[in-house]
Amino acid sequence: MTYRILVCDDDPSIAEAIAIYLRAEGYDAVLAHDGIEALQICRMQDIHLIIMDIMMPKLDGVQATQRLRETRNVPIIMLSAKGEDIDKIQGLTAGADDYVTKPFSPPELMARVRSQLRRYTALGGLPREEEAQVYRTGALVIDDCAKTVSVDGEEIRVTPVEYGILCFLTKNAGQVFSIPQIYEAVWNEPSYRSENTVAVHIRRIREKIEINPKEPKYLKVVWGIGYKMEKIHEKQLD
């Protein structure tokens, strides 16, 4: 299978340079130069991953990501200007799975592309029978065979990264993990300045699974240490 990757950047030279590296890795690269064009391509073609610049005319990367997340769980890697942490946070909050800072190292970008595609394939594929597991805590259920998340019997739409975090924490319910431990377990790469990335994904997950995200029942912070999934037995349910 050849993965089709959409590269969206208003600088044609950057978009084409990324496309050259992608094609050298065996991927099919499609180019767009603003958010509106990116949305149009996603409606017409089967896209497996998107590399999206934040600052673009007509429709920026954050707005385009928000619209895509209404219907699509395709992995999105944001490109952000160096040092603009607020842009990174906005991109992750909108639904991006990862970000790379400009100017970036092509090998690093390709590594992140491979990592996101592995996760996306695992989410949509069928695991081996011996790996199929159902993890639950309270009314939160992770079906690792069907790759679904449900709360109180209602299926919740999550991105591949959100699924990875939920599955990791739920099957280890009751244990506390630091941000670097969560990042390395889910992203499968060394943790470096991962605090914002993990924190934003945790916030998005809470908004989806918690009745009151400000007073979470399931996904809790342990101040000064990290996060844990509360271990809730059936008799503890209201």
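This text goes with the structure placed above it.
This structure is a prediction, so every number in the text was calculated from the model and none was measured.

Chemist: Looking at this structure, how should I read the packing of aromatic side chains?
Modeler: Each aromatic ring pair is characterised by the separation of its centres together with the angle its planes make. Evaluated as defined, the whole model comprises two aromatic pairs. When the ring of F168 is compared with that of F177, the centres are 4.6 Å apart and the planes differ by 55°; the resulting orientation is tilted. Summarising the burial analysis for this pair, F168 and F177 share the class buried. Taking 4.5 Å as the distance between ring centres and 5° as the angle between the ring planes, the aromatic pair formed by Y183 and W187 counts as stacked. Remark: W187 and Y183 occur in helix 7 (residues 179-187); sequence separation between them is four residues, near one turn of the helix.

Chemist: Is there a simple way to explain the pairing of strand 7 (residues 140-143) in this structure?
Modeler: Each regular strand shows side chains that alternate between the opposite faces of the sheet. Bridging between strand 6 (residues 134-137) and strand 7 involves four bridges; their strand directions are antiparallel. Bridging across to strand 7, Y135 finds its partner in I142. Linking two consecutive strands that pair antiparallel, namely strand 6 and strand 7, is a turn of two residues; a positive phi of about 60° is found at G138 within it. As judged from the four bridges shared by strand 7 and strand 8 (residues 148-151), these two strands associate in the antiparallel manner. Residue pairing in the sheet places L140 in a bridge with V151 of strand 8.

Chemist: Even after reading the chapter, I still don't get the state of the cysteines, so can you show me in this structure?
Modeler: Taken as a whole, this structure holds zero disulfides when the rule is applied. In this structure C42 is a free cysteine whose sulfur lies 8.8 Å from that of C8, the closest cysteine sulfur available. Looking at C167, it has no disulfide partner, and the nearest cysteine sulfur is the one in C145, 12 Å off. C167 sits in the buried class, given a relative accessible area of 7%.

Conventions used here
Residues numbered from 1 in each chain as written. Predicted model: local features only at pLDDT ≥ 70, side-chain atom pairs only at ≥ 80, totals over all residues. Heavy atoms only, no water. Phe/Tyr/Trp six-rings, centres within 6.5 Å; stacked < 30°, edge-to-face > 60°. Buried < 20%, exposed > 50% of the residue type's maximum accessible area, 1.4 Å probe, protein only. Helix = DSSP H or I, 4+ residues; strand = E, 2+ residues; numbered from the N terminus. Pairing = 2+ DSSP bridges. Disulfide = S-S within 2.5 Å.

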